[in-house]
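Chain by chain, the residues run as shown.
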Amino acid sequence: MKFARKLNLFDATMIVISGIIGSGIFINPYIVAQTVKTPFLILAVWVAGGLIALAGAFVFAELSTVMPRVGGQYAFFREAFHPLVAFLHGWSLLFIIQSGATAGVAVAFAKYLRPLLDLPETFVTPLAVAILLGLAAFHALGIKPGAILINVITFGKTLAIAALIAGAFVLTKQSGVTFERLAPAELRGLGLVSAFFAGLVPTMFSYGGWQNLNFVAEEVRDPLRNLPRAILIGVLCVIVVYVGANVAYVHTLTAPALAATETPAADEPGSALRAASLLRDGG
């Protein structure tokens, strides 16, 4: 079976960025802040997570040149180990790994959308289900319409985060980014190491997704050239966006305030949600 190679370098890069940027950057920063507490460690965790993601991207970039086949990890596991390993991984991906992550992203999106539309809390789950069904139906139309939708959504959410970062520094003059105390007094030695790696757990969830392009490897034009380039360019773009977003969060909210909110993007002064809320409440 032959696949139509309709995806160019830009399409492939957008798939990588879209596969990574999701709910994580909007819901996980507060968990990291609760764990490591200081601005220095918060930013250090996100930089470290980005470097680990970049290392993973290099691995998949290399694999994509050796085996540019559709199926991603399924194809890699089948050739490297045994078809049974690939089979079990595929079903685990369907029922646990990918489905759970997708559900988490949908719920996070619904949580941010609900106050913007002034809907009751009970609408979060129906909104999430409707979003998933709508996207699934659209992607069923074909690879190119799906790629166009991904490009639009990815560009839109990246632009929104960029606007949030810019708004943070325009609207907030007094910065919460301070390195006077690099680590909290209660964290020393192994406790500090443990807290740092605990902060990496939600961070790596946020950075996960650089492998998604390999699922459609045989639908990318000139895969030996475009697959590795798209993976590396996409991950580098996400690192810049994620670190920049967390600098903006800490700058506007301070580390303690970031640790106290589950929706930092909505509470950050430059956000559209906060602006809409202020307008709706009369200032």
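As a starting point, this report considers the structure included with it. Computed from a predicted structure; not experimentally measured.

Look at helix 3 (residues 29–36) against helix 4 (residues 39–66): their axes get within 9 Å of each other, and the N-to-C directions meet at 125°. Looking at the two axes, helix 3 sits oblique to helix 4. Crossing of helix 3 against helix 4: the hand is right-handed. Within the contact between the two elements, helix 3 uses Pro29, Val32, Ala33 and Val36 and helix 4 uses Leu41, Ile42, Val45 and Trp46. Residues of the contact of helix 3 with helix 4, tallied by class, amount to eight nonpolar, no polar and no charged.

Moving on: the packing of helix 6 (residues 83–117) against helix 7 (residues 124–139). Viewed as axis vectors pointing N to C, helix 6 and helix 7 meet at an angle of 120°, and their least axial separation amounts to 8 Å. Compared by their axis directions, helix 6 and helix 7 come out oblique. Both helix 6 and helix 7 take part in a crossing whose hand is right-handed. Counting all contacts with helix 6, which are made through Thr102, Ala106, Val107, Phe109, Ala110, Lys111, Leu113 and Arg114, the residues of helix 7 involved are Val124, Leu127, Ala128, Ile131 and Leu132.

What the rule picks out here adds up to two salt bridges. For the salt bridge of Arg78 with Glu79, the shortest nitrogen-to-oxygen distance reads 3.6 Å. Residue classification places Glu79 among the partly exposed residues on the basis of a relative accessible area of 43%. Across the pair Arg114 and Glu121 runs a salt bridge whose closest N-O atoms are separated by 3.4 Å.

The next point concerns the packing of aromatic side chains. Within this structure, the stated rule accounts for eight aromatic pairs. Seen in terms of ring centroids, Trp46 and Tyr242 are 5.8 Å apart; in terms of plane orientation they differ by 90°. Their pairing is edge-to-face. On the criterion of sequence distance, the pair formed by Trp46 in helix 4 and Tyr242 in helix 10 (residues 223–253) is long-range, its members being 196 residues apart. Residue Trp46 is classed as buried on the basis of its relative accessible area of 0%.

This brings us to the environment of Gln211. If you trace the backbone, Gln211 turns up in the loop between helix 9 (190–207) and helix 10. Spatially, the C-alpha atom of Gln211 lies 9.5 Å from that of Val59, the residues being 152 residues apart in sequence. Filtering out sequence-adjacent residues up to four positions away, Gln211 remains in contact with Phe60 and Gln73.

What counts and how
- Residues numbered from 1 in each chain as written.
- Predicted model: local features only at pLDDT ≥ 70, side-chain atom pairs only at ≥ 80, totals over all residues.
- Heavy atoms only, no water.
- Axes fitted to C-alpha atoms, helices over the stretch in contact; angles between N-to-C directions.
- Helix = DSSP H or I, 4+ residues; strand = E, 2+ residues; numbered from the N terminus.
- Parallel < 35°, antiparallel > 145°, perpendicular 65-115°, else oblique.
- Left-handed = near helix turned anticlockwise from the far one by under 90°.
- Contact = heavy atoms within 4.5 Å.
- Nonpolar A, V, L, I, M, F, W, Y, C, P; charged D, E, K, R; others polar.
- Salt bridge = Lys/Arg side-chain N within 4 Å of Asp/Glu carboxyl O.
- Buried < 20%, exposed > 50% of the residue type's maximum accessible area, 1.4 Å probe, protein only.
- Phe/Tyr/Trp six-rings, centres within 6.5 Å; stacked < 30°, edge-to-face > 60°.

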